[in-house]
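Survey of secondary and tertiary structure
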Amino acid sequence: MSVPLTLLGLLERGPSHGYDLKKDYDAYFGQGRPLRYSQVYATLSRLARDGKAVAGPVEQGGGPERRRYVITEVGAADVERWLTEPVSPEPDLQSELFAKVVLALMLDRPASGYLDAQRAAHLQRMRELTELKRGGDPLDGLLASHIIYRLEADLRWIDHTAARLGLLSRAVRR
């Protein structure tokens, strides 16, 4: 996920402080991976440097210095372009699964044991996500469904690979 573009998208709703952007990012997109404040402010500084956002004047108050950031036309154009571009269909987890299986076969290690362990980990994660969906929050449910569908695809690949380990083993040892 692109943190800068996501923060710009949140800014497009209206001027906002870094604190509020972090809070919204974490609530909508940060399930299990909240942003650090330092990352938010460093990203906002880069966006301002690149002309995609403008930092307002320091606002006086009882706490730390606060600046309200505003998206620029350049930033809004970036968000528009980003929203209309399809996401790369390259799943990252599958490539790691693939590499581990091939290396296990090349090194004459039990790839079937690895596949069984990975299947169990996927099924456990799917149970956790199913519980999250039952929580009732529609956004959590939508995110959980997205991840579950990706995990289901991985499980099909794991089963497909497990059924062909002998053939694959011979192929990598040539």
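In short, a report on the structure. All figures in this text were calculated on a predicted structure; none of them were measured in a lab. (Residues numbered from 1 in each chain as written. Predicted model: local features only at pLDDT ≥ 70, side-chain atom pairs only at ≥ 80, totals over all residues. Heavy atoms only, no water.)

**Section: the packing of aromatic side chains**
Defined as follows: The aromatic pairing rule takes the rings of Phe, Tyr and Trp, using the six-membered ring of Trp, and pairs them if the centres are within 6.5 Å, calling planes under 30 degrees apart stacked, those over 60 edge-to-face and the rest tilted. Secondary structure elements follow DSSP: runs of H or I no shorter than four residues count as helices, runs of E no shorter than two count as strands, and numbering proceeds from the N terminus. Three exposure classes are used, based on accessible area relative to the maximum for each residue type with a 1.4 Å probe and protein chains only: buried under 20%, partly exposed in between, and exposed over 50%. Counting as a charge over the ring demands two things of the Lys NZ or Arg CZ atom: a distance within 6 Å of the ring centre and an angle within 35 degrees of the ring normal.
According to the stated counting rule, one finds three aromatic pairs in the structure shown. Aromatic side chains tyrosine 19 and tyrosine 37 sit 6.1 Å apart centroid to centroid with 5 degrees between the ring planes, which places their arrangement in the stacked category. Residue tyrosine 19 is found in helix α2 (residues 18-28), and its partner tyrosine 37 is found in helix α3 (residues 37-49); the two are separated by 18 residues along the sequence. We classify tyrosine 19 as partly exposed; its relative accessible area is 41%. An angle of 55 degrees between the planes, with centres 5.7 Å apart, marks the rings of tyrosine 25 and phenylalanine 29 as tilted. Owing to a relative accessible area of 5%, tyrosine 25 belongs among the buried residues under this scheme. Here the guanidinium or amino end of lysine 22 rests over the ring plane of tyrosine 37, the centre of that ring lying 5.0 Å away.

**Remarks on the pattern of salt bridges**
Selection rule: We count a salt bridge whenever a side-chain nitrogen from Lys or Arg sits within 4 Å of a carboxyl oxygen from Asp or Glu.
The final tally for this structure, using the stated rule, is 10 salt bridges. The salt bridge involving arginine 66 is made with aspartate 20; its shortest N-O contact spans 4.0 Å. One end of the pair, arginine 66, is in strand β3 (residues 66-71); the other, aspartate 20, is in helix α2, and 46 residues separate them in sequence. Residues glutamate 131 and arginine 134 are paired through a salt bridge, measuring 2.4 Å at the closest nitrogen-oxygen approach. Placement of both glutamate 131 and arginine 134 in helix α6 (residues 111-134) is noted, with a separation of three residues, approximately one turn of the helix.

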